[in-house]
Amino acid sequence: MSDNLSEIKKKLLKEKEEIELVLKELQTKNTVLNESEEITSEVSDAAEHYEEKDLAFSQTEFVKKRLEQIDNALDRIEKGIYGVCLKCQKQIEPARLQIDPTIETCRFCSSKS
Ligand SMILES: [Zn+2]
């Protein structure tokens, strides 16, 4: 594995660790919000409650998606196909990978979709 690639792998693993922590917190929050549902009787409280629940839910979805992207990138490193565009099989510009190491398509393909 090249130095550059192991740097990227380190970066991905670090972000994964952080995201897993965030996900855990969000899931705890979701559980608490679900459990407190039955005891929320006031209408105004309920509205606030659902708003908070919605937010926690969309945050969870976002974090899960990010985790999936990271796992996919790690998987591509293992398979030796990291940095190759999924659509045209050309090398992805290193500058793009610098910005987001989980990126899956080259500049050309991503501008098309
Ligand atoms: Zn491409």
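Residues numbered from 1 in each chain as written. Predicted model: local features only at pLDDT ≥ 70, side-chain atom pairs only at ≥ 80, totals over all residues.

Topic: the overall build of the chain
No. 1: Of the regular secondary structure elements, the chain holds 4 helices and 0 strands.
No. 2: Over its C-alpha trace the chain gives a radius of gyration of 19 Å, far above what one expects of a compact globule, namely 13 Å for 113 residues.
No. 3: Projecting the C-alpha coordinates of the chain onto the three principal axes gives extents of approximately 60 × 30 × 20 Å.
No. 4: Across the 113 residues of the chain, 9% fall into the buried class.
No. 5: The long-range fraction of contacts in the chain, counting pairs at least 24 apart against all pairs at least 6 apart in sequence, stands at 56%. (Helix = DSSP H or I, 4+ residues; strand = E, 2+ residues; numbered from the N terminus. Rg over C-alpha atoms; globule rule 2.2 N^0.38 Å. Buried ≥ 20, exposed ≤ 12 C-beta atoms within 10 Å, placed from the backbone. Contact = placed C-beta atoms within 7 Å.)

Section: the environment of Thr-102
No. 1: Among the secondary structure elements, Thr-102 is positioned in the loop between helix 3 (94-99) and helix 4 (107-112).
No. 2: On the neighbour-count criterion, Thr-102 (17 C-beta atoms within 10 Å) is partly exposed.
No. 3: Taking the C-alpha atoms as reference, Thr-102 lies 8.5 Å from Leu-74; in sequence the two are 28 residues apart.
No. 4: Residues within four places of Thr-102 in sequence aside, it is in contact with Gln-69, Ile-70, Asn-72 and Ala-73.

So, the domain arrangement of the chain
No. 1: Segmentation of the chain into domains returns domain 1 (3-82) and domain 2 (83-113).
No. 2: Averaged C-alpha coordinates put domain 1 and domain 2 at centres separated by 24 Å.
No. 3: Across the boundary between the two partners, domain 1 contributes 9 residues, which contact 4 residues of domain 2.
No. 4: Counting residues per element, the ones that place at least two in the side of domain 1 that touches domain 2 are helix 1 (3-35) and helix 2 (43-79).
No. 5: Element by element, the count of residues in the side of domain 1 that touches domain 2 is highest for helix 2, at 4 residues.
No. 6: Here the side of domain 1 that touches domain 2 is composed, by residue class, of 6 nonpolar, 2 polar and 1 charged. (Domains from an automatic or database assignment. Nonpolar A, V, L, I, M, F, W, Y, C, P; charged D, E, K, R; others polar.)

Side note on unusual backbone geometry
No. 1: At Gln-89, a residue that is not glycine, the phi angle is positive and equals roughly 65°.
No. 2: Judged by local crowding, Gln-89 falls into the exposed class, with 10 C-beta atoms found within 10 Å.

Quick notes on the nonpolar core
As a rule of thumb, nonpolar side chains are buried together in soluble globular proteins.
No. 1: Counting residues in hydrophobic clusters, the biggest one holds 5 residues: Ile-8, Leu-12, Ile-70, Ala-73 and Tyr-82.
No. 2: Elements with a minimum of two residues in this core: helix 1 and helix 2. (Core = buried A, V, L, I, M, F, W, Y, C linked by C-beta atoms within 7 Å.)

Digging into the environment of Pro-101
No. 1: The topology assignment puts Pro-101 in the loop between helix 3 and helix 4.
No. 2: On the basis of neighbour count, Pro-101 is assigned to the buried category, with 20 C-beta atoms found within 10 Å.
No. 3: As a C-alpha pair, Pro-101 and Lys-9 span 92 residues in sequence and 8.9 Å in three-dimensional space.
No. 4: Residues contacting Pro-101, with those up to four places away along its chain left out, are Ile-8, Lys-11, Leu-12 and Ala-73.

Side note on the environment of Leu-74
No. 1: Tracing the backbone shows Leu-74 in helix 2.
No. 2: For the pair Leu-74 and Lys-9, spaced 65 residues apart in sequence, the C-alpha separation works out to 6.7 Å.
No. 3: Once residues lying within four places of it in the same chain are set aside, the contact partners of Leu-74 are Lys-9 and Leu-12.

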